[in-house]
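Residue strings, one per chain:
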Amino acid sequence: METIFPPFDPDESSNRPRLRQVRQIPIRMILPNLVTLLSLCAGLTAIRMAIESRYGEAIAMIVIAAVLDAVDGRIARLLRSTSRFGAELDSLADFVNFGVAPAIILYVWALDQVHSLGWIAALVFSICAALRLARFNVAIDGPTKPDWHGNFFTGVPAPAGALIVLLPVYLENLDIPIGAVGVPIVFLYTVAVGLLMVSRLPTWSGKKMGARVPRNVVLPLFVLVVVAAASLLSYPWHVLAAGATAYLIALPLGWRQFRRLEAQDRAAGREGEPADL
């Protein structure tokens, strides 16, 4: 007859395999993820600021998120603490910071004037950002490409897309009003930037910039960074508008440079092929 509570011998527990103790994780493995979480907090705060119609603070949070996004990967590589968890967390944070937050800002700021059409533009931009990030993650495990491909992205990266899609907001704060006539233009511009993110357009990445700095450039670089930071704090709308405009102008230049390098690569491949007998 079975009992409800079977007998238990405490001595048998000593023969059971012990659970493996939790291994301590070094702080260098955690630090990049903390930076990513801080950037996510900035993106979520940008959404709150947009809802409260505090557009200046909202865009400031987007800029902070973009800076932290540029820093966390470099910290991970510097500390040799890259991980699959960190990569997935970074992608999720990028979607919120550079896909959802800018779309909400634009919708609350102007796109809501065209009601459902404005929301469709916000949805298109957010979805394009998600697809852009998914394609980037898949491309990491793709076939090996020439080294010069590392200087280019495929499509506009999400942080850059977030900063340039807010160009109409920068312009309005520079006393260039975006009235009812300008809302359709904002609608088309938002959709166009979203499509640029999922396009096959090669764009400069700048990932390999700054890996090595010549000794005679260090001090001028310090001065340049200080001037750029001071200018951004003193004249934020001028700097952001100029930066977004310069990036848009650089898009065809990056495409032209990519095609030129691609042609050189093909020519070098043909030269290395054995001649037909």
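Predicted, not measured: the structure shown is a model, and the values here were computed from it. All residue numbers refer to positions counted from 1 along the written sequence of the respective chain. It should be noted that, the model being predicted, local features are given only for residues of pLDDT at least 70 and side-chain atom pairs only at 80 or more, the latter also being counted only at that level, while totals for whole chains, interfaces and linings use all residues. Hydrogens and water molecules were not included; the side-chain quantities draw on all heavy atoms of the structure.

Enquirer: Could you give an account of the overall build of the chain, with specific residues and numbers?
Expert: Secondary structure assignment for the chain yields nine helices and two strands. Mapped in sequence order, the helices and strands of the chain form the string α-α-α-α-β-α-α-α-β-α-α. In the chain, buried positions account for 32% of the 277 residues. In this description, contact between two residues means that some pair of their heavy atoms is separated by no more than 4.5 Å. In the chain, the proportion of contacts linking residues at least 24 apart, taken out of those at least 6 apart, comes to 83%. Strands here mean DSSP runs of E at least two residues long; helices mean DSSP runs of H or I at least four residues long; both are numbered from the N terminus. Relative accessibility decides the category of a residue: with a 1.4 Å probe and only protein chains considered, values under 20% of the type maximum give buried, values over 50% give exposed, and everything between is partly exposed.

Enquirer: Go over the packing of helix 3 (residues 84–109) against helix 5 (residues 158–165) with me, naming the residues and quoting the values.
Expert: Packed helices, taken two at a time, are described by their axes: the angle between them and the distance between them. What counts as an axis is a line fitted to C-alpha atoms, over the stretch in contact for a helix, and the angles between N-to-C directions run from 0 to 180 degrees. Between helix 3 and helix 5, the least distance of the axes is 9 Å, while the angle of their chain directions is 10°. Taken together, the axes of helix 3 and helix 5 lie roughly parallel to each other. Contacts between helix 3 and helix 5 pair F98, P102 and L106 from the former with A158, P159, A162 and V165 from the latter. Think of it as three bins: nonpolar holds Ala, Val, Leu, Ile, Met, Phe, Trp, Tyr, Cys and Pro, charged holds Asp, Glu, Lys and Arg, and polar takes everything else, Gly as well. Taken together, the residues of the contact of helix 3 with helix 5 sort by class into seven nonpolar, no polar and no charged. Roughly parallel here means an angle under 35 degrees, roughly antiparallel means over 145, roughly perpendicular means 65 to 115, and every remaining angle is called oblique.

Enquirer: Describe the confidence of the model for the chain, with residues and values.
Expert: The predictor's confidence in any single residue is recorded as pLDDT, a number from 0 to 100. Of the residues in the chain, 82% have a pLDDT of 70 or more, and the chain-wide mean is 83. Taken together, the stretch residues 272–277 has pLDDT below 50 and engages in zero contacts with residues farther than four places along the chain or on a different chain.

Enquirer: Can you lay out the packing of aromatic side chains for me, pointing to particular residues and giving the numbers?
Expert: Put simply, two rings from Phe, Tyr or Trp (the six-membered ring, in Trp's case) pair if the centres are within 6.5 Å, and we call them stacked under 30 degrees between planes, edge-to-face over 60, tilted for the rest. Inspection of every chain in the model, using the stated rule, returns four aromatic pairs. When the ring of Y107 is compared with that of W119, the centres are 5.2 Å apart and the planes differ by 75°; the resulting orientation is edge-to-face. Here the residue Y107 occupies a position in helix 3, and W119 occupies one in helix 4 (residues 116–140), the gap between them amounting to twelve residues. The exposure class assigned to W119 is partly exposed, which follows from its relative accessible area of 38%.

Enquirer: Kindly report on the pattern of salt bridges, identifying the contributing residues and their values.
Expert: Salt bridges are defined by distance alone: a side-chain nitrogen of Lys or Arg within 4 Å of a carboxyl oxygen of Asp or Glu. Applying the stated criterion to the full structure yields five salt bridges. Look at the salt bridges and you will find they share partners, linking R48, E52, R54 and E57 into a network.

Enquirer: Any details on helix 1 (residues 27–51)? Residues and values, ideally.
Expert: Expected span of a helix: the number of residues minus one, times 1.5 Å. In this model, helix 1 (25 residues) spans 36 Å end to end at C-alpha, consistent with the 36 Å of a helix rising 1.5 Å per residue. Residues P32, N33, V35, T36, S39, A42, G43, A46, I47, M49 and A50 constitute the buried set of helix 1. For helix 1, the elements touching its buried residues are helix 2 (55–79) and helix 3. Of the residues one or two after helix 1, S53 is the one with positive phi, at around 60°.

Enquirer: Tell me about the side chain of N97, and name the residues and values.
Expert: Within the secondary structure, N97 is located in helix 3. N or O atoms within 3.5 Å of each other form a polar contact, as long as, within protein, one can give a hydrogen and the other can take it, and as long as residues adjacent in sequence are counted only when both atoms are side-chain atoms. Within the structure, N97 has its side chain in polar contact with the backbone oxygen of S39 (distance 3.1 Å).

Enquirer: Talk me through a nonpolar patch on the surface; I want residue IDs and the actual numbers.
Expert: Patches here are clusters of residues that have more than 30% relative accessible area and form no salt bridge, with a 9 Å joining cutoff for like charges and a 5 Å cutoff for nonpolar side chains (Val, Leu, Ile, Met, Phe, Trp, Tyr). Under the convention used here, a 1.4 Å probe and the Shrake-Rupley method define accessible areas, while residue burial counts only the protein chains that appear. A surface patch of nonpolar side chains, amounting to about 530 Å² of accessible area, comprises I25, I27, I30, L31, L34 and L37. Of the residues examined, I30 reaches a relative accessible area of 32% and is grouped as partly exposed.

Enquirer: With reference to specific residues and values, describe the nonpolar core.
Expert: Soluble globular proteins tend to pack their nonpolar side chains together in the buried interior. To form a nonpolar core, buried Ala, Val, Leu, Ile, Met, Phe, Trp, Tyr and Cys residues must be joined to one another through side-chain atoms within 4.5 Å. One finds I59, I105, L106, W109, L166 and Y170 to be the most contacted residues of the largest nonpolar core, which totals 49 residues. Of all elements in the fold, only helix 1, helix 2, helix 3, helix 4, helix 5, helix 6 (167–173), helix 7 (183–198) and helix 9 (236–272) reach the threshold of two or more residues within this core. In this view, Y170 contacts I59, L163, W237, L240, A241 and A244; residues no more than four positions away in its chain are not counted.

Enquirer: Any details on helix 2? Residues and values, ideally.
Expert: Between its first and last C-alpha, helix 2 extends 36 Å over 25 residues, near the 36 Å set by a 1.5 Å rise per residue. Along helix 2, the positions that sit buried rather than exposed are Y55, A58, I59, I62, V63, A65, A66, D69, D72 and A76.

Enquirer: Help me get a handle on the packing of helix 1 against helix 2, residues and values and all.
Expert: It is at 8 Å that the axes of helix 1 and helix 2 come closest, and there the two elements cross at 165°. As the angle between them shows, helix 1 and helix 2 are arranged roughly antiparallel. For the pair helix 1 and helix 2, the crossing hand works out as left-handed. The residue makeup of the contact of helix 1 with helix 2, split by class, is 18 nonpolar, four polar and four charged. The handedness criterion is simple: a crossing whose near helix is rotated anticlockwise from the far helix by less than a right angle is left-handed, and one whose near helix is rotated clockwise is right-handed.

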